[in-house]
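If you want the building blocks of each chain, they are given just below.
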Amino acid sequence: MSLLVVGLSHRSAPVSVLERAALGADAQIKLVQDTVAAEPATEAAVLATCNRIELYADVDKFHAGVAELSTLLAQHSGVGLDELTPYLYVHYEDRAVHHLFSVACGLDSMVVGEGQILGQIKDSLAKAQELHSAGRLMNDLFQQGLRVGKRAHSETGIDRAGQSLVTFGLEQLAAGGDVQSWAKGKKALVIGAGSMSSLAAATLARAGVTEIVVANRTPDRAERLAQILNEGDDTHVTARAVPMDSVPGELTRADIAVSCTGATGLVLTAEVIAAAIEGRTGEPVAEIDTDLPATPKPLPATSLGTDENCPLDLTAAQSGFSVMGEAAVAGMAAAELEQHAAWVDNGTVDIREAGRRTAETPEAAVEAEAELIGALARAAARVGRIPERRRPEPVAGFVRPAPALFLLDLAMPRDIDAAVHRLAGVRLVDIESLAEASADAPMAADVDQVRRIVSDEVAAFGAAQRAAHITPTVVALRTMAADVVAGEIARLDGRLPDLDERQRGEIRQAVHRVVDKLLHAPTVRVKQLAAEPGGAGYADALRTLFDLDPETVAAVSRAVDSTDKKDRPA
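None of the values given here were measured: they were computed from a predicted structure.

Asker: Which residues make up the sheet that holds strand S4 (residues 89–92), and what values go with them?
Answerer: The strand order across the open sheet built from 4 strands is S2-S3-S1-S4, with neighbouring strands paired in antiparallel fashion. The open sheet has two free edges, formed respectively by strand S2 (41–49) and S4, since each of these has just one partner strand. Within the sheet, the average angular offset between the axes of one strand and its neighbour, ignoring direction, is 15°. Pairing of strand S1 (residues 3–9) with S4 involves 4 bridges; the strand directions are antiparallel.

Asker: Got a sec to walk through the pairing of strand S8 (residues 256–259)? Specific residues and values, please.
Answerer: Burial along S8 is two-sided: Ile 256 and Val 258 facing one way and Ala 257 and Ser 259 facing the other are all buried. In this sheet, S8 lies alongside strand S5 (residues 187–191) in parallel orientation, the contact comprising 4 bridges. When the bridges of S8 are listed, Val 190 appears paired with Val 258. As defined by bridge partners, S8 adjoins strand S9 (residues 405–409) across 4 bridges and the pair is classed as parallel. What sits directly across from Ala 257, in S9, is Leu 407.

Asker: Give a detailed account of the pattern of salt bridges, specifying residues and quantitative values.
Answerer: One pass over the full model with this rule turns up 20 salt bridges. Its salt-bridge partner being Glu 83, residue Arg 20 comes within 2.4 Å of it at the nearest N-O pair. One end of the pair, Arg 20, is in helix H1 (residues 15–21); the other, Glu 83, is in helix H4 (residues 81–84), and 63 residues separate them in sequence. Take Glu 83: its relative accessible area is 36%, and that puts it in the partly exposed class.

Asker: Report on the packing of helix H2 (residues 25–37) against helix H3 (residues 62–77), specifying residues and quantitative values.
Answerer: For the pair H2 and H3, the least separation of the axes is 10 Å and the interaxial angle reads 155°. It follows from the interaxial angle that H2 and H3 lie roughly antiparallel. Regarding H2 and H3, the two cross each other, and that crossing is right-handed. Residue-level inspection shows Ala 27, Lys 30, Leu 31, Asp 34 and Thr 35 of H2 in contact with H3, the latter providing Leu 69, Leu 72, Leu 73 and His 76. A class-by-class count of the residues in the contact of H2 with H3 yields 5 nonpolar, 2 polar and 2 charged.

Asker: Tell me about the sheet that holds S9, and name the residues and values.
Answerer: Pairing within the open sheet is parallel, and its 6 strands lie in the order S7-S6-S5-S8-S9-S10. Where the open sheet ends on each side, the last strands, each with one partner, are strand S7 (238–242) and strand S10 (426–429). Strand-to-strand twist of the sheet, defined as the mean angle between neighbouring strand axes without regard to direction, takes the value 15°. When strand S6 (residues 211–215) meets S7, the two strands line up parallel, connected through 5 bridges. By the bridge assignment, Val 214 is partnered in S7 with Ala 241. Where helix H11 (residues 219–230) meets the sheet, it contacts S6 and S7, and its direction lies at approximately 175° from that of S7.

Cut-offs used in this document
Residues numbered from 1 in each chain as written. Predicted model: local features only at pLDDT ≥ 70, side-chain atom pairs only at ≥ 80, totals over all residues. Heavy atoms only, no water. Pairing = 2+ DSSP bridges. Helix = DSSP H or I, 4+ residues; strand = E, 2+ residues; numbered from the N terminus. Axes fitted to C-alpha atoms, helices over the stretch in contact; angles between N-to-C directions. Buried < 20%, exposed > 50% of the residue type's maximum accessible area, 1.4 Å probe, protein only. Salt bridge = Lys/Arg side-chain N within 4 Å of Asp/Glu carboxyl O. Parallel < 35°, antiparallel > 145°, perpendicular 65-115°, else oblique. Left-handed = near helix turned anticlockwise from the far one by under 90°. Contact = heavy atoms within 4.5 Å. Nonpolar A, V, L, I, M, F, W, Y, C, P; charged D, E, K, R; others polar.

Taken by themselves, the reported measurements are silent on function.
Written out as structure tokens, the structure reads:
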């Protein structure tokens, strides 16, 4: 096994890079096809979600494989290799297995413990099977990954550590409040009819929204989703489908809009959202420049001296601190420092005279500096304390009106213009803001148990793969032994033609038993040894010791692969 994965995710790359590197359905297909066509790779699969892009391959050379897979990812994502490389991670062999199993259990998700990734892994395998790029390794890996993920969710409380990205996004829209209380009675617009959009629609229906409008570029899929929502037994929602060109008008009626499409460009621009808000409120939408700080509070009054006499340039002072504090005098020249100290003590110092003293010879400058520092010390002694640094005053937050429209963007690349964040009366939650919010999400104690499950399953998978690697050699050895027995029996028939059929049968059974007993212990033991780490060399040893034909071993491998494919689920 030479499993290699090269990828990037929300853990390794900023959302802006993930957004640019996102792969559409056609690009994913082409990436898989080009990977298996490349020299180092024989199998390949792509796992692409809203917050990760990973390319898995069975390669015969590590360094060549890393270079090839990285180059292909860059080519198909449209992000230059030099720019993409710092954000890529590489896992090989057991570490690659460990990574996929962790992903399947939700340990590597933006929201720890979410189970939606299992469906995405299943889709990834199905796509690779359809493209005939999944051989024994990819099938075994992804199918085992699905089993490990299901085991983690059934045997532990990992579900308590997090929820789906949809639920987490709705919680952020509700500002941490109860989603059902927040959603009850609202009207929702869902743009897209894929798995994520369908999950969002179902979640909103269960949360208590009264109406869900589904818009999709393929009308049939929108109609199907609306029908499923209307027929749901556990909800009381009215659902209907509309064409995509009806979205601007529907936005003026909706309280919540969720968008998750495969579009490469923006689905909702800031202008469309602003027009929808204006249509709802009848007033133009104000825009808040979130890049500018809020107006600082005025500097606190001082008990000594007056601002007019202070030698400090107050316009350059750090806001929130007293002009008498140490932060205010940081970086001052020595002459200005003495002037400030005297001002604190209500004294007077001619800063021009101090400047003349410091402008003479270097020796005089050093002496003047010492005098000025001494003057500051004397001033501080007269005040009775060192000027105290005050705590910063709290910065005033932006005053936003209550949201008239809640937007959840789960697409990668984004469906909704990020400029919408600046519109008053709108609350937008997108992948970037979800990543920031999830960084502080608590992890359940069950995560440790899931990690132990993953470690155990990785060890078992590696042992099974190593054992499977030697199986064709063992089969070839037994085939050779059977051929030798058949040849000797044929020769015996020629030498002893008078033997009856019963006697011949006894001889054949006796010879076969001898061969089986001789081969049983070595072949069982060699499978056990091969399953251990570093056991790959035992297959080579068997081939060398028994002079097995490499083509015979390869033919057995091809036969086993063919049998596996027949047994695989469609």
